Amino acid sequence: GAGVSQSPSNKVTEKGKDVELRCDPISGHTALYWYRQSLGQGLEFLIYFQGNSAPDKSGLPSDRFSAERTGGSVSTLTIQRTQQEDSAVYLCASSLTGARTDTQYFGPGTRLTVL
Amino acid sequence: AQKVTQAQTEISVVEKEDVTLDCVYETRDTTYYLFWYKQPPSGELVFLIRRNSFDEQNEISGRYSWNFQKSTSSFNFTITASQVVDSAVYFCALSEGQGFSFIFGKGTRLLVKP
């Protein structure tokens, strides 16, 4: 079946612009995660969704970052007023129930470049 | 303080050599989970193994084996008879307590030369 998909695969934007990154999880997976992978910081957890609610937003780096999930499926990560330090690969993952015994399946990522 | 330490940033071996990737973790929780992921050049992270804190049994899966030692807070990963296709970045991760977040190590880049 289809895996986790993310769009766009690459995004180049100018400093100060807003961007939206999309994640389509595996059908039927109730849990969805966003991560950021950058050269300086490695792989960082950003936010976790269970259904449409986000019980753990602890990894969001600033209030310029927000995420939502609708219909228990698609999620959008929005970065407002982008900064150069936001340049990174943004990875999305989903799992069946969100239990830590579940396997997380990762998407290919969106490479964001802020000029 | 760094909670997951992968001290080896890059390892280079010749095909058929055995290689061990180190992972040291830090947590005060008694219940936690440890993971290894592989990130090949294509970029998608692939789950390899999960181990909970109550299960110290070592595990072998084909050429892969994992050694979990709570006494040294380590969860090391060994590839036996490495192959070129094993070339990737390998991440160790920790999920602790009641939260949902995962803490990843910085990763170890493994290069297996023919």
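Structure first, text after, so check above.
Residues numbered from 1 in each chain as written. Chains lettered and ligands numbered in written order. Predicted model: local features only at pLDDT ≥ 70, side-chain atom pairs only at ≥ 80, totals over all residues. Heavy atoms only, no water.

(A) Spotlight on the nonpolar core. Residues and elements named next belong to chain B. Ranked by internal contacts, the top residues of the largest apolar core, which has 24 residues, are Trp-36, Trp-66, Phe-77, Tyr-90 and Leu-110. Sorting the residues of this core by element identifies strand E2 (10-14), strand E3 (19-21), strand E5 (32-39), strand E6 (46-52), strand E8 (64-69), strand E9 (74-79), strand E10 (88-96) and strand E12 (108-113) as the ones contributing at least two each. Here the element with the most residues in this core is E10; it accounts for four residues. (Core = buried A, V, L, I, M, F, W, Y, C linked by side-chain atoms within 4.5 Å. Buried < 20%, exposed > 50% of the residue type's maximum accessible area, 1.4 Å probe, protein only. Helix = DSSP H or I, 4+ residues; strand = E, 2+ residues; numbered from the N terminus.)

(B) Seen up close, the interface of chain A and chain B. With 20 residues of chain A in contact, the opposing surface of chain B contributes 18 residues. For the chain A and chain B pair, buried surface summed over both sides reaches about 1800 Å², with 55% attributable to carbon and sulfur atoms. If you look at where chain A meets chain B, you find zero salt bridges. The interface formed by chain A and chain B includes two residue pairs in polar contact (both at pLDDT 80 or more). At the level of elements, strand E4 (31-38), strand E5 (42-50) and strand E6 (53-56) of chain A are the ones that each hand at least two residues to the side of chain A that touches chain B. Of the residues in the side of chain A that touches chain B, the class split is nine nonpolar, eight polar and three charged. (Contact = heavy atoms within 4.5 Å. Buried area = accessible area lost by both parts, 1.4 Å probe. Salt bridge = Lys/Arg side-chain N within 4 Å of Asp/Glu carboxyl O. Polar contact = N/O pair within 3.5 Å; in protein donor to acceptor, adjacent residues only side chain to side chain. Nonpolar A, V, L, I, M, F, W, Y, C, P; charged D, E, K, R; others polar.)

(C) Quick look at the sheet that holds strand E7 (residues 65-69) of chain A. All names here are of chain A. The strand order E1-E3-E8-E7 describes an open sheet built from four strands, whose pairing is antiparallel. Bordering the open sheet on either side are strand E1 (5-7) and E7, each of which pairs with just one other strand. In this sheet, adjacent strand axes meet at a mean angle of 15° when their direction is disregarded. Pairing geometry for strand E3 (residues 19-24) and strand E8 (residues 75-79), over five bridges, is antiparallel. (Pairing = 2+ DSSP bridges. Axes fitted to C-alpha atoms, helices over the stretch in contact; angles between N-to-C directions.)

(D) The packing of aromatic side chains, seen in detail. Applying the stated criterion across every chain, the model contains 20 aromatic pairs over all chains. Centre to centre, the rings of A:Phe106 and B:Tyr37 are 5.4 Å apart; their planes meet at 80°, and the pair counts as edge-to-face. One end of the pair, A:Phe106, is in strand E10 (residues 105-106); the other, B:Tyr37, is in strand E5, on a second chain. Classification of B:Tyr37 by relative accessible area gives buried; the value is 1%. (Phe/Tyr/Trp six-rings, centres within 6.5 Å; stacked < 30°, edge-to-face > 60°.)

(E) Main features of unusual backbone geometry. For the bond from A:Ser7 to A:Pro8, the omega torsion is -10°, close enough to zero to count as cis. Mapped onto the elements of the fold, A:Pro8 is located in the loop between E1 and strand E2 (10-13). Although it is not a glycine, B:Ser73 sits at a positive phi angle of roughly 50°. Here B:Ser73 shows up in the loop between E8 and E9. For B:Ala81, which is not glycine, the phi torsion reads 50° and is therefore positive. Among the structural elements, B:Ala81 can be located in the loop between E9 and E10.

(F) The pattern of salt bridges, seen in detail. Counted under the stated rule, the structure contains seven salt bridges over all chains. The closest approach of N and O atoms between A:Glu44 and A:Arg36, which form a salt bridge, is 3.1 Å. A single network of salt bridges, built from pairs that share partners, joins B:Arg51, B:Asp55 and B:Glu59.

(G) View of the pairing of strand E11 (residues 110-114) of chain A. Residue and element names in this part refer to chain A. Burial of the side chains of E11 is restricted to one face: Thr-110, Leu-112 and Val-114 are buried, whereas none of Arg-111 and Thr-113 on the reverse face is. For E2 and E11, the ladder comprises four bridges, and the chain directions are parallel. Looking at E11, one finds that Lys-11 is bridged to Leu-112. With three bridges connecting them, strand E9 (residues 88-95) and E11 associate as antiparallel partners. Residue pairing for E11: Tyr-90 is matched across the bridge by Thr-110.

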